[in-house]
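Coordinate analysis (summary)
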Amino acid sequence: MEQLNKEYLMDLASKVRDYALSKDVDAAEVYFNYSKTMEILAENQSISTERSKSELGFAIRVLKNRAEGFSYSNKLDIDALKSAADEAIAVARVSPSKDNLRFPSPTSYSSIDGIYSKSVSDLQVDDLIDNMKVVLSYIKESKVPIRVNLSPLSVAETWVGIVNSLGIENFERRNNYTGGFFAVAREGEKIGSFVVSDFFTRDPKSVDYEAFTGDLINRAIQNMNPIVPKSIDSDVVIFKEGAVFPLAQVVGFATGADNVQQERSMWKDRLADKVALDNFTVLDESHNPARGAGVKSFDGEGNPTRQTTIIKNGYLESFLYDELRAARADVVSTGNSARQGFMAPPNMIMPNGPTFAPGDMSEEELFEDIKEGIIFDRFSGSTQVPNGIFSGVVKGAQLIRNGELAEPLKNVTIGGNMFDVLQNITGMGKELDLVNGFLSTPLIKAKGVPIKAQ
Amino acid sequence: MTIDKDFLVKGLDYGDDLGAGYLEIRYQDKYLANFQFKDNDISSTTGSRVGFNVRALVDGSWGQTSTSITTKDSLFATVKSAVTLAKNSATHKDRKIKLADVEIIEDHVVSPRVKHLNDISVEDKLNSMIDAAKVQKDYKLVKSLIIILNEVVDKRIIVTNEGTRVSWEDMKPTLIAYAVAINEEGKMGVGYDSWSHTMGLEFFDLHPMDEIVRSAAEKATKLTSAPIIPGGMSNVLLDHQMVGILAHEAVGHTAEADLVAMGSFTQGKLGQKVVDEKITMIDAPLKKGSKWMGVGWLPYDDEGVRGKEVKLIENGVMNGYMTNRSYAAELDVEATGNARAYTFQDEPIVRMRNTYIEPRDMSFDELYEVVGDGYLLKTMMNGQADSSGEFMFGAVEAYKIRNGELTDELYQNPVVTGNAFEVLSNILGVGKDFELTIGSGTCGKEQPAKVDAGGPYVALKAMLAGGK
């Protein structure tokens, strides 16, 4: 479809904005998102499906007497988009006013190098097939049978544009190449738990498929014969995927200005206070393309993103703001307004490149004084995110004994309060890992986390 | 331009000319509305997504393409892309996909409802939420209140070059209230209530918004002073929702044919005893609760296959799997109509519909008696499980059962964990009072799906996680 280019889409968005403005509203904004994905899927250790998908959608937001209306449509038709604008206007007319609700004014921003990669856009379906064949060949060579299912290699490209009646006219292309593999080891009656490995990159040549698949296979096999410990005499954990859920989840909630202003955050009165030990620093590295899928030049409202230090050496330095919460706090937006594509207004505050800053400890140094502890991998449990209380089981748990990795474990339950954990971080690793394509974190050692064997 | 079955059949004809083996075209027009009241802010998100999804099976290999552009030219381009991808992948494929034979169907179905969800205006819906939120003033400790109303109105047409021509329309409202209370000592309680059915506007007669809000606010308030439940093995009594999540999440997923093929717990277990003989578990396309149609209503799946009831476990013995056409062929069983896609972009994968444990004969008093000393876990909050049956489910509240009597001693954050097949082999009793309700009714296996689940109250022995 030749018409899908920047100029055509920005022009269409401007026409819809101008139509909304002609209907007696105070401000109008049109956001669009065009996404296209090419994907090769593996099932039953074989290439099963090739698929491609594309969608273009428009979101219309209007303000009338400080009340907001929103609607969307994926119909590429000016009349359908005008109808969506009419619905947004109708909603604004019945919605309550919100103090300080406004759209941002234009602020200059610099496009971030590296979030659109020609080497990713050059990938063809045959490249993905070749890469999938390499992964599956390693899977088939495993000494223990490994099954993979619902496991894609994907190339994704997104175009994002936003125009508003105050003069914002922003446009950006982003792309990435990802893999996500869902594997289980089974030999006779011995069945493992699922393990998931993923990668995210904008440099396809950097992917080491042998190492990636080797790690997936090893973890699947490790999870096949876990031991039920009789007891664990320890409260020491090394966070791996547990750093995302529940640790980053709790920290993210507490530092969002929406939760602060609604008094849901436990840190609502703690700005500049010490909320963690000296070794804990949290950044929003919005301008570092290595920080994953959330990195962008402008946020969901068109404000430029920023590099933000959230916690520095244990001290709470900044909350994260969108335009509305920044206006209410009389500060400048940190560029953290987030959208779920075109189907939702920018009503979330999220970090763009969340990063737990690395420390200076090697893996050996982190482990060496641990008499007994566990690797806190995938958390399967319940978290009361506002107050930090969590309890559940650790999937993929592994025992650390006398400074060495020991047996894989099952039926290990864990519980406590993440705000207490932040006061008990005893070591930060020096290597950063991008987890789930979103959070950059080193290995984190903490004590005071109650662990129980069932 | 009207998009109907005849329009889509032109795409089939074009695909046949290109040498497609099996060709299936799905058109979907999905209206989604999300109305949210969050601490005196109101937000409304409404909109439609339309699109084509074309799947071609050529020489045992799938090609799939979707697009939101719904012109005739785009339909033909999408068909061509799917056929080309299928032909391409066929040259690289180790295992050839086959499809189970199915009944060829021509039908149009509309889900049961009295009044269309859009018979009242957006304005009226928002005002109803504002009125319901006024309940918060009766609960001084409630600091935060969220009310969510979601509506799905879905129209689908599926045509295949085998001759199937089916279409259906459904509507599924969901209502959720979430309250956070903080007492004078700074202790927090989280209350939650949620409902979702296949139904029209009459949903709100069954579940008035103010009652849902009051339920969540009361729970949150009471839980501020509730201790955390002690961990360890215990006798527990699960309510309808907790039984539903156990049936769906911990057992049901292991009987989805794609996960069976991957080596889930139930692989190779047909005809074998897997749980206590008091347990019979079913997944049904059109199951009713006491006053409503289950939100997993699905007369035909997204491959155009008629929905069939699947008895997964019968009197403790593994009896059947849920399938799509390809896994039905692979396992040499019947296609059960469980292939589901959420949006036009999604591939149909094996999903549940309404999954439940059948009731037996015990009264509530008899269930308390067999529990003796333990806890009643009420209102499902969240849950996870894996294909081996290992699970973790959180409930909103737990009440102490002591000496066979239910007390009003309340505990917060109960989490029950273990292996579902072991837990369901340690049954103390199965109740006779049945309900189909899994709360907000959304399953997240790769893509969302509206599902329901339930059963009677079930007493069993299980591990309570965490706690102090």
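Residues numbered from 1 in each chain as written. Chains lettered and ligands numbered in written order. Predicted model: local features only at pLDDT ≥ 70, side-chain atom pairs only at ≥ 80, totals over all residues. Heavy atoms only, no water.

**Regarding the overall build of chain A**
Helices and strands together make up the secondary structure of chain A, namely ten helices and 26 strands. Relative to the compact-globule value of 22 Å for 454 residues, chain A shows a C-alpha radius of gyration of 24 Å, a close match. Across the 454 residues of chain A, 60% fall into the buried class. Across chain A, every contact between residues at least 6 apart in sequence was considered, and the portion connecting residues at least 24 apart equals 72%. For chain A, the exposed area adds up to about 17,300 Å²; of that, 45% sits on carbon and sulfur atoms. (Helix = DSSP H or I, 4+ residues; strand = E, 2+ residues; numbered from the N terminus. Rg over C-alpha atoms; globule rule 2.2 N^0.38 Å. Buried < 20%, exposed > 50% of the residue type's maximum accessible area, 1.4 Å probe, protein only. Contact = heavy atoms within 4.5 Å. Areas by Shrake-Rupley, 256 points an atom, 1.4 Å probe, with all protein chains shown as cover.)

**A look at the interface of chain A and chain B**
Opposite the 75 residues of chain A that make contact, chain B presents 70 residues. Roughly 6,300 Å² is buried in total at the junction of chain A and chain B, and carbon and sulfur atoms are behind 48% of that figure. Our count for the chain A to chain B interface comes out at four salt bridges. Applying the counting rule to chain A against chain B returns 30 residue pairs in polar contact (both at pLDDT 80 or more). (Buried area = accessible area lost by both parts, 1.4 Å probe. Salt bridge = Lys/Arg side-chain N within 4 Å of Asp/Glu carboxyl O. Polar contact = N/O pair within 3.5 Å; in protein donor to acceptor, adjacent residues only side chain to side chain.)

**Here's the deal with the packing of helix H1 (residues 5–18) of chain B against helix H2 (residues 72–90) of chain B**
Residues and elements named next belong to chain B. Remark: H1 packs on H2, axes separated minimally by 9 Å, with the N-to-C direction vectors making an angle of 40°. Taken as axis vectors, H1 and H2 run oblique relative to one another. Two packed elements cross with a definite hand, and for H1 against H2 that hand is right-handed. Of the residues in H2, those in contact with Phe7, Leu8, Lys10, Gly11, Tyr14, Gly15 and Leu18 of H1 are Lys72, Leu75, Phe76, Val79, Lys80, Val83 and Lys87. Class assignment for the residues of the contact of H1 with H2 results in eight nonpolar, two polar and four charged. (Axes fitted to C-alpha atoms, helices over the stretch in contact; angles between N-to-C directions. Parallel < 35°, antiparallel > 145°, perpendicular 65-115°, else oblique. Left-handed = near helix turned anticlockwise from the far one by under 90°. Nonpolar A, V, L, I, M, F, W, Y, C, P; charged D, E, K, R; others polar.)

**What to know about the environment of A:Val120**
Residue and element names in this part refer to chain A. On the secondary structure map, valine 120 appears in helix H3 (residues 118–121). Here valine 120 falls in the buried class, since its relative accessible area comes to 1%. Separated by 84 residues in sequence, valine 120 and proline 204 place their C-alpha atoms 6.5 Å apart.

**Describing the domain arrangement of chain B**
Accessible area lost upon the coming together of the parts serves often as the stated size of an interface. All names here are of chain B. On domain assignment, one finds that chain B holds domain 1 (5–223) and domain 2 (232–464). In this complex, domain 1 contributes 58 residues to the contact, which on the side of domain 2 involves 47 residues. Of the roughly 4,200 Å² buried where domain 1 meets domain 2, counting both sides, 56% is carbon and sulfur surface. Together, Trp168, Tyr192 and Leu223 form the three largest contributors to the area buried by domain 1 at its contact with domain 2, with a combined 13%. In this assembly, domain 1 and domain 2 are joined by five salt bridges. Linking domain 1 with domain 2 are 27 residue pairs in polar contact (both at pLDDT 80 or more). For the side of domain 1 that touches domain 2, the elements supplying multiple residues, two or more each, are strand E1 (22–38), strand E2 (41–58), strand E3 (61–67), strand E4 (106–110), strand E5 (142–160), strand E6 (165–182), strand E7 (188–196) and helix H5 (209–223). Of the residues in the side of domain 1 that touches domain 2, the class split is 24 nonpolar, 17 polar and 17 charged. (Domains from an automatic or database assignment.)

**A closer look at the packing of helix H2 (residues 78–94) of chain A against helix H3 (residues 122–133) of chain B**
Orientation of H2(A) relative to H3(B), taken along the N-to-C sense of each, is 35°, at an axis distance of 10 Å. Handedness of the H2(A)/H3(B) crossing: right-handed. Along its contact with H2(A), which presents A:Glu87, A:Val91 and A:Val94, the element H3(B) presents B:Val122, B:Glu123 and B:Leu126. Its residues placed into classes, the contact of H2(A) with H3(B) shows four nonpolar, no polar and two charged.

**Concerning the environment of A:Asn164**
Residue and element names in this part refer to chain A. Relative to the helices and strands, asparagine 164 is located in strand E5 (residues 151–164). Separated by 102 residues in the primary sequence, asparagine 164 and valine 62 have C-alpha atoms spaced 9.4 Å apart. Setting aside residues up to four positions removed in sequence, asparagine 164 forms contacts with Arg17, Ala28, Glu29, Phe103 and Pro104. A distance of 3.1 Å separates the side chain of asparagine 164 from the backbone nitrogen of glycine 167, its partner in a polar contact.

**Here we look at the packing of aromatic side chains**
What characterises a pair of aromatic rings is the spacing of the ring centres plus the angle enclosed by the ring planes. Tallied over the entire structure, the rule returns 28 aromatic pairs over all chains. Summarising the aromatic geometry, the rings of A:Phe376 and A:Phe390 are spaced 6.5 Å apart at their centres and angled 25° between planes, so their arrangement reads as stacked. Separated by 14 residues along the polypeptide, A:Phe376 in strand E16 (residues 372–376) and A:Phe390 in strand E18 (residues 389–395) bring together distant segments of the chain. Taking the relative accessible area as the measure of exposure, A:Phe376 reaches 0% and is therefore buried. Judged by relative accessible area, which is 1%, A:Phe390 ranks as buried. Considering the side-chain rings of B:Phe7 and B:Phe52, the 6.3 Å spacing of their centres and the 25° angle between planes classify their relative orientation as stacked. Of this pair, B:Phe7 sits in helix H1 while B:Phe52 sits in strand E2, and the two are 45 residues apart along the sequence. Accessibility assignment for this pair places B:Phe7 and B:Phe52 in one class, buried. (Phe/Tyr/Trp six-rings, centres within 6.5 Å; stacked < 30°, edge-to-face > 60°.)

**Considerations on unusual backbone geometry**
All names here are of chain A. Going from phenylalanine 245 to proline 246, the amide bond is cis rather than trans, its omega being 10°. Along the polypeptide, proline 246 turns up in helix H6 (residues 244–255). Of note in this structure, aspartate 24 is not a glycine but carries a positive phi near 60°. Even without glycine at this site, asparagine 402 takes up a positive phi of about 50°. Looking at where asparagine 402 falls in the secondary structure, it is placed in the loop between strand E19 (398–401) and strand E20 (404–408).

**So, helix H5 (residues 209–222) of chain A**
Residue and element names in this part refer to chain A. Taking 1.5 Å of rise per residue, 14 residues should cover 20 Å, and H5 covers 20 Å from first to last C-alpha, within 8% of that figure. Regarding H5, the residues found buried are Tyr209, Phe212, Thr213, Leu216, Ile217, Arg219, Ala220 and Ile221. Buried residues belonging to H5 abut helix H4 (125–141), strand E4 (146–148), strand E6 (169–187) and strand E8 (195–201). Put simply, aspartate 208 is the residue that caps the front of H5, since its side-chain oxygen is 3.2 Å from the backbone nitrogen of glutamate 210. (Expected span 1.5 Å × (residues − 1).)

**Focus: the pattern of salt bridges**
Side-chain pairs of opposite charge can arise whenever the charged atoms involved come near each other. The final tally for this structure, using the stated rule, is 45 salt bridges over all chains. Note that B:Lys134 and B:Asp131 form a salt bridge whose closest N and O atoms lie 3.2 Å from each other. The exposure class assigned to B:Asp131 is partly exposed, which follows from its relative accessible area of 47%. Put simply, A:Glu29, A:Arg61, A:Glu68, A:Glu301 and A:Arg339 are held in one network by salt bridges that share partners.

**Notes on the nonpolar core**
Formed by 50 residues in total, the largest nonpolar core has its most connected members in B:Leu246, B:Leu377, B:Leu424 and B:Leu460. For this core, the leading source of residues is helix H6 (residues 240–251) of chain B, giving seven residues. Contact partners of B:Leu377, with chain neighbours within four places excluded, come to B:Val236, B:Leu237, B:Leu238, B:Asp239, B:Met242, B:Ala395, B:Glu397, B:Ala398, B:Pro414, B:Val416 and B:Leu464. A:Tyr321, A:Ala326, A:Val421 and A:Val449 belong to the second largest nonpolar core, which has 49 residues in total. (Core = buried A, V, L, I, M, F, W, Y, C linked by side-chain atoms within 4.5 Å.)

**Examining the domain arrangement of chain A**
All names here are of chain A. For chain A, the domain assignment lists domain 1 (6–222) and domain 2 (226–454). Each of domain 1 and domain 2 was reduced to a C-alpha centroid, and the two centroids are 24 Å apart. Contact with domain 1, which involves 41 residues of that partner, is made by 34 residues of domain 2. With both sides pooled, the region where domain 1 packs onto domain 2 buries about 3,000 Å², and carbon together with sulfur makes up 59% of that total.

**Here we look at the pairing of strand E10 (residues 282–285) of chain A**
Residue and element names in this part refer to chain A. Taken together, the four bridges between E10 and strand E11 (residues 307–312) define a ladder with antiparallel strand orientation. Residue pairing in the sheet places leucine 283 in a bridge with threonine 309 of E11. Where E10 lies against strand E15 (residues 354–356), three bridges are found, and the strand directions are antiparallel. Bridge pairing in E15 places valine 282 opposite phenylalanine 356. (Pairing = 2+ DSSP bridges.)

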